[in-house]
Each structure stands twice: as C-alpha cells, then as structure tokens.
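Here are the chains, one letter per residue:
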Amino acid sequence: MILQELSEQKVELFAADSLCILSYTLTYEGKRRTSAALTIKGTQLRAEFPGIAVIEDSFTLAGDLIILKRKWHIMQRGSYRLQAAFSYQDGEKENSLFIPAVWYQDNLKGKGCFPSPERSTSWSFLETRMAIPCCAQLSNGQQLFSCATEPAQEERFLSSVAAERHGLIISIPGSEWPYSYRGKQSLVDTSQDSLPTLEVGAEGLVYERTFYLANQKTSDSQGGYCSFVAALPEPDRKKSPRMPAWQDWFEYKLTRLINLVKKTENDLAYLAMGEGNDEVQDVYAFTAASFLVKSLQGAYELANLSSYQPKLACLKQARKNLACTFGLQDDGLLLAQVAKRIADFFLQAEISEGVFQDNYDLNNHIWGGYLGIGEHPEFRSMVNSRCNGEAMKHYVLLARTLHHLGYEEGSYLSLARRVARFYCEAQLSSGSFGRWWTEKGKPGDIQGTNGAYVGSFFCALIPYLNDEDPLRNDLLSAVHQAYSFYSELAYEGLFYGDTLDADSCDKEAGVALLSFFLDLYTLEKDKRQLESARLCAQFIVQWIWQRDSYLPPESPLAQQQFCTRGMTSVSVAHHHLDFYGMAIAYEFLRYASFSGDSFFRQQAHLMIQACRQLVATEENLLGRDVSFVGWQPEQLNHTAWEYFDRPELMHGHYAIDIAWVTVLTLGSYEQIRTDFPEDLEE
C-alpha cells in the first residue's frame, strides 16, 4: 500500500492495483477549510488544520478492501461538520450511481415521488436509509468505486453520503437534501434547511470512525456489490436481539395464523387481512387469496400442520376457539377442515372461466383484482398475474395435501387448470405473462415481473399432469417462452413493478424471478436457469441490511432490543424494513444448494435470525392484547419514512398487523425446516 501526496489537501492511495483519491477538508463555523499540511509515514497520515483540528488516518488492506480508521482531534470551540471525501480516476467518463436499497438504475422505473434524477441531479441520504451505512458505488463501465462506513452509535454522529460526478462525500452530522423522502406521497423540500452541525465546547472533541473503500475492475455492479459485502469484516454487535426458541416462535406464529381465520355466514372461512390498526384499519377491510393476505397459502399451511400437537397454552386455546367457532372437533383433522373452508370460499372468485379476481371487499361484498390502496386504482376490476400465480400454486399444493389426508378435492385442480389455460392463451408473443388482464384476456398492463408467479404456478402444476394430457405440453412450451422473456429481464437488471401498492424497482421482483428460475431448474436442471437465478440473487442482496443501523434509544424498536442486521427493506418507494427475508432465505438456501455458493447461504442465515425477532409472546405482546400472540409488525419504520406519512410513527416505531407477515414467515420456516433443517440455528 502506497500513499502519495498530490497537494496539501489531497493524497493518492495505491493498494492491490487499485487507486483511491482522498481529500482532506472540514467545515468550521460555516466555512469549508482545507488542510494546511499533510504528513505521511508508511500507512499513517496526519492532516493539520492549524489552531482548529488534526485528522489522523490509519490504512490497512483486507484482500481488495481498504479499511480506513480516522480520528478527528477537534481543538477549537465552535460548530463543525466533518467530511470524508473519496474519488477515483474514472477517465472523465460518465458515472452511474448505485446506493443499496435507495438508488437503483436512477430510480426511473415507476411513478411515485421517490428520489430520482428527474427531481434533482444531486442527492444526499442519511446512513440509516441504506443496507450498509453511507454505502455508495460509482461506475464508469469499467470500474466500480465503493465506499461505506460503520454505523453511528450516537444521533449527533449520524452521517450522510452525497455523490458528485467523480466522487463521494460522507458528512457528519448527516443531512438529506434537496428533498427527504418520508412517505409514499411525501417528498419534503429540505433545500433551504440549515445543515446540522457538531457543537464543540472548550474541552474539544476526539472522534473516531472506520470507513471501507474498494476500487474493482469490473462492470458488474451487483456482483461487485456482493463482493464488497463479502469483504466487509464481521461487525461487533453492540446488543443482542430478543429471540424466542424456534419451537416457541413456530407455535406463536401458528397461533396467530389460527386467530386470523374468520367464519362467513355460510360456514366458509377466510383470513382477515389485518386487525387492530387504529385509524387506518379501514384500509384492511378486505381479504384475498394471495397478495397482502395470502389466504390460500395460509390454508395450505393449516392443512400441512393438521397432525401437529401443540405444547404452548396459547396454541391449545387458539385451536379450541377455532373448533368452537366452526362447530368441529379439536382433533387431527380440525385444521384441514378449516383449510378446506378457506379454499372453498375463494372458489367464488372465478367470475368467468379461468378469470380469477381473488380480492374480496368485506364491507361492500364485491370481488376485485386488487382492492387495496395503490397507484393504479383502474386495475381493481381486472385480474393480476401475481395474484393468480400465487393463488393457483397453493390450490395445487393444497389439493395434494388434502388428498393425503383423505379428501378428494378435484375442484381445486380443475380451477387451476382453467386459470392455466387462461394464461396459456393470454401469453404475449414475447413470452411475458403480463401484469394486469381484462376478463376477456386482453392486456391492461404488461410491465414488470408479475408474470413470473404464473411461471412458478405452471412449474407446480406440471408434475401432476400425465404425459398424455395436452395441457402438460402447453405448459411446458409456455414456461420455456416465459423463461426467455424473464431471463432477459434479469440480464438487463429490470427488477420492477412487482408489488401492487407501489410502482417502482423492488426486491420482490427479484424474488419472483429467482423463485421461478429455481422452480424451473428443479424440473429441468438446465444450468442456464441457474445462471439467471444468480443474477436475481445478487440483485436481492442490496435489500438486506448488513449492519445494525442506529435507532433512537427511546424508540419502541430500540426498547425491544431490535437489530436491523439481516432485515430487508422493500423498494425505492417503501423505505421500511419487513420480515420478507424468511422467504428470501429459503430461496437463497435453494440456490446455494444447487450452486455451491456459500455467500448466499451466509446471507440466508442473517435473514433467518433477523426474522426471529419482534414476535409477540405471552410475556411480551408488543403493545397489544393476548389475542395478538404471534403477531409481527409489517412496517418497521427505522428512519424518516412511514407508509401513511405519520411523522409520529417514524424513527424507530413499528406498526400494522397484516396477514401476509404471519403466513409468509410461517410457511417459509416450514420449508426451511423440511429441506434445510441444519440451517436453523438456535
């Protein structure tokens, strides 16, 4: 490693054939100051600001990662802003910017008010927004230059990162400008706000911070980011999250699933979308077979667990209450019988042959394609390929499970066949299964990755069709055409439009494609499908928190000893954290088992352990009553963002009970316990 002075304020750092340029400045009393002298001794550097401050740097090399330990000695009373400025020799080429979980392909996909170059050419984001504090990557098509820092331990030292055309600047205290994104429709103008400062008294201040730098010779942004993540040293955890034993966690989650089951007037059943959500509860007054509620997946899980003998009192009581509600015996068939009632209820969603509108408004008693709040209300009367794919896949799986329990449920497979025929006939010439469809099979919106769920549904149905069945050949042909289309999306990095309540780049798009490619690989063992899966897995890593981000000590999340490491954020439009990581972990374990890539197994372990947190137990109900045992909040608002734009629920609050969290985490846990039991660590 070689340090070479360029001027009194700049040095070049050569390490492992890579180059980094560091600039030495700080802001004192509102004026930016540059160092008056630099002193270099081996891998140590001293920058002097006479009468004001001294910066001492120490550099080490860990593989291709440069670790910079910086110490500021502030000697003069006053107001300060500290900077760490990094750049690289990019040949004056145009740089593209990537910030994990915040900025992907310039955030140009979608129509929300989230940050993008269309609103400003320059942005600054607080460290709490991104999966690694102040992580940002510049790429000129041949090199990737990345920086990051360790998390702040005090609010006054929270940092932010801003990108210039050829460099990155980390500032302490941090600020967000020219806007701060605080809700789906809330982009707050901060361009006229005063920048925060560190107020230093006569006693001075000594402050240390570690930074991480890498200059990689590659054009693969996502692969380079994964390499950067893998190279980071294991963090020193400042606290341990509260986590029940897996057996108890499982029973709490099953308790919550059972308590979400509601009875209809004609003795059928469905899952409540969510309960106890105060002033926004009216948003949750519908149920669905798939997206946001996942009633059919919940039914499948209930049927699968029919023979399970409960140990915890809460689960025993939930079963008794369920049996009483439906006038059934609390025996080994109780959960299967209730699962059948749920599945029978959603048979009503077929409005014409193969046209399945799986959302049901509980107040107005109407069916629709998606009845929740979202950015495309015109699609309420259509059908959605994600919803249909999720629902039909679980009809197929549920029919198999019920058959093993002695039930013959041909109606479920018959429905799945009709919906499959609808999508075979509607499939576009590109191979896409589209996103939104009219009941006559005409496309309403063909953007995004929603159709990949139909591909997974076909992969689930194909093994149940005999070789002479003409539908089998049609499905095989359709999934091959679909693979051609969706693999191209993965190659181009076009992961967007997957959720129905927002329109943007999002992690679920990556998960949808990853799952489809692995499902198809399981059927055919074509290594091209595994390569496509790799691209998806690399994309998804950017949404996984690699560090325990700062939380205000007095906040509800901090009071619960919550840790962000291993949690996942949603999209560039949804900045809260969620428990989707349990489902991602299962897909990562599948990919790792096929490919032998241990990095994704390690990432799976982070998510599995993170999703074990913040589940309501009999001793800690997370602010709710005993009927909510097993609930986990959907939205963990760790930063200045809240789905309904409620400022009082930002910065470390949690909110919203919603069925998908219970269903997805419980189901994914069961898949991991069945296929990868060795990866469930106590």
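Computed from a predicted model, the values in this text were never measured in an experiment.

So what about the packing of aromatic side chains? Which residues, and what values?
Scanning all chains against the criterion turns up 49 aromatic pairs. Pairing Y28 with Y80 gives two aromatic rings, centres 4.9 Å apart and planes at 35 degrees, and the pair type is tilted. A residue pair is termed long-range when its members are at least 10 positions apart, and Y28 in strand β4 (residues 25-28) and Y80 in strand β10 (residues 78-87) qualify at 52 residues. What makes Y28 buried here is its relative accessible area of 13%. Ring centres 6.4 Å apart and planes at 85 degrees place the aromatic pair F286 and Y370 in the edge-to-face group. Placement of F286 in strand β23 (residues 286-288) and of Y370 in the loop between β27 (366-368) and β28 (383-384) is noted, with a sequence separation of 84 residues between them.

Which residues make up the nonpolar core, and what values go with them?
One broad rule of soluble globular proteins: the nonpolar side chains tend to lie buried together. Ranked by internal contacts, the top residues of the largest apolar core, which has 190 residues, are L254, L302, F356, F458 and F588. Look past the residues within four positions of F588 in its chain and what remains in contact with it is L514, A537, I540, V541, I544, F600, Q603, A604 and M607. Core analysis: the next-biggest nonpolar cluster, separate from the first, contains 53 residues, I52, I66, F125 and L213 among them.

For the side chain of R319, give the residues involved together with the corresponding values.
Looking at where R319 falls in the secondary structure, it is placed in helix α4 (residues 313-326). Judged by relative accessible area, which is 6%, R319 ranks as buried. Within the local environment of R319, its side chain forms a polar contact with the side chain of D330, the two groups lying 2.9 Å apart. Other than its neighbours up to four places away in sequence, R319 contacts I258, S306, Y308, P310, D330, D331, L334 and L335.

Pulling in residues and values, what's your account of the state of the cysteines?
Structurally, a disulfide amounts to a covalent bond that connects the sulfur atoms of two cysteines. The full count for this structure, using the stated rule, is zero disulfides. Of all cysteine sulfurs in the structure, the one in C324 sits closest to C314, which takes part in no disulfide; the separation is 18 Å.

How would you summarise the pairing of strand β13 (residues 136-139) if you had to cite specific residues and measurements?
On β13, burial covers both faces: A136 and L138 on one face and Q137 and S139 on the other are all buried. Pairing between strand β11 (residues 96-98) and β13: three bridges, direction antiparallel. Within β13, the residue paired with S96 across the bridge is S139. Of the strand pairs in this sheet, β13 and strand β14 (residues 144-149) are connected by four bridges, and their pairing is antiparallel. Bridge pairing in β14 links L138 to F145. Adjacent in sequence and paired antiparallel, β13 and β14 are bridged by four residues, among which G141 carries a positive phi angle near 95 degrees.

Break down unusual backbone geometry for me, citing the residues and quoting the values.
What you tend to see is this: most non-glycine residues have negative phi, and most peptide bonds are trans. Here I172 and P173 are connected by a cis peptide whose omega angle stands at -5 degrees. If you trace the backbone, P173 turns up in the loop between β16 (167-172) and β17 (179-183). For the bond from W177 to P178, the omega torsion is -5 degrees, close enough to zero to count as cis. Position of P178 among the secondary structure elements: in the loop between β16 and β17. Even without glycine at this site, K294 takes up a positive phi of about 65 degrees. Inspection of the secondary structure assignment puts K294 in the loop between β23 and α3 (295-304). One non-glycine residue, I656, lies in positive phi territory at about 75 degrees. Within the secondary structure, I656 sits in the loop between β34 (653-655) and α15 (659-675). Looking at I656, the relative accessible area reads 2%, which means it is buried.

Which residues make up the packing of helix α10 (residues 507-524) against helix α13 (residues 581-595), and what are the values?
Contact geometry of α10 with α13 gives a least axis separation of 10 Å together with a crossing angle of 40 degrees. Between α10 and α13, the crossing angle belongs to the class labelled oblique. At the point where α10 passes α13, the crossing takes the left-handed sense. Residues K507, V511, L514, S515, L518, D519, Y521 and T522 of α10 form the contact with α13, whose participating residues are I584, E587, F588, R590, Y591 and F594. For the contact of α10 with α13, the residue count by class is eight nonpolar, two polar and four charged.

Residue-level account of α15, with values.
Helix length check: α15 (17 residues) gives 24 Å between terminal C-alpha atoms against 24 Å at 1.5 Å per residue, within 8%. The element α15 is extensively covered by neighbouring structure, given that 13 of its 17 residues are classed as buried.

Describe helix α2 (residues 246-259), naming the residues involved and giving the relevant values.
Here α2 spans 20 Å end to end across 14 residues, near enough to the 20 Å set by a 1.5 Å rise per residue. Within α2, 11 of the 14 residues are buried, which leaves the element mostly enclosed by the surrounding structure. If you check which residues of α2 are buried, you get W246, W249, F250, E251, Y252, K253, L254, T255, R256, L257 and I258.

Go over the packing of helix α7 (residues 410-426) against helix α8 (residues 452-461), please, and point to the residues and values.
Two numbers describe how α7 lies on α8: the axes approach to 11 Å, and their chain directions differ by 130 degrees. Classified by the interaxial angle, the pair formed by α7 and α8 is oblique. By crossing handedness, the relation of α7 to α8 is classed as left-handed. On α8, the residues that touch L413, A416, V419, A420, Y423 and C424 of α7 are V454, F457, F458 and L461. The class makeup of the residues in the contact of α7 with α8 is 10 nonpolar, no polar and no charged.

Tell me about the pattern of salt bridges, residues and numbers included.
Considering all chains together, one arrives at 35 salt bridges under this definition. We note a salt bridge from R46 to E56, for which the minimum N-O separation is 3.3 Å. Separated by 10 residues along the polypeptide, R46 in strand β7 (residues 44-49) and E56 in strand β8 (residues 53-62) bring together distant segments of the chain. By relative accessible area, R46 is classed as partly exposed at 33%. The exposure class assigned to E56 is partly exposed, which follows from its relative accessible area of 32%. Notably, a salt bridge pairs R70 with D57, separated by 2.8 Å at the nearest N-O pair.

Outline the environment of L38, listing residues and values.
For L38, the location among the structural elements is in strand β6 (residues 37-41). In this structure, the C-alpha to C-alpha distance between L38 and L82, residues 44 residues apart in sequence, is 17 Å. With residues near it in sequence (within four places) discarded, L38 still touches E5, S7, E8, Q9, K10, V11, Y24, L45, R46 and A47.

Quick one: what's the story with the sheet that holds strand β29 (residues 436-437), residue by residue and with numbers?
With antiparallel pairing, the three strands of this open sheet are ordered in space as β28-β29-β30. Each end of this open sheet is capped by a strand with a single partner; those strands are β28 and β30 (443-445). Inspection of the sheet shows β28 paired to β29 by two bridges, in the antiparallel sense. In the sheet register, N384 faces β29, and the bridge partner there is W436.

Calculation criteria
- Residues numbered from 1 in each chain as written.
- Predicted model: local features only at pLDDT ≥ 70, side-chain atom pairs only at ≥ 80, totals over all residues.
- Heavy atoms only, no water.
- Phe/Tyr/Trp six-rings, centres within 6.5 Å; stacked < 30°, edge-to-face > 60°.
- Helix = DSSP H or I, 4+ residues; strand = E, 2+ residues; numbered from the N terminus.
- Buried < 20%, exposed > 50% of the residue type's maximum accessible area, 1.4 Å probe, protein only.
- Core = buried A, V, L, I, M, F, W, Y, C linked by side-chain atoms within 4.5 Å.
- Contact = heavy atoms within 4.5 Å.
- Polar contact = N/O pair within 3.5 Å; in protein donor to acceptor, adjacent residues only side chain to side chain.
- Disulfide = S-S within 2.5 Å.
- Pairing = 2+ DSSP bridges.
- Axes fitted to C-alpha atoms, helices over the stretch in contact; angles between N-to-C directions.
- Parallel < 35°, antiparallel > 145°, perpendicular 65-115°, else oblique.
- Left-handed = near helix turned anticlockwise from the far one by under 90°.
- Nonpolar A, V, L, I, M, F, W, Y, C, P; charged D, E, K, R; others polar.
- Expected span 1.5 Å × (residues − 1).
- Salt bridge = Lys/Arg side-chain N within 4 Å of Asp/Glu carboxyl O.

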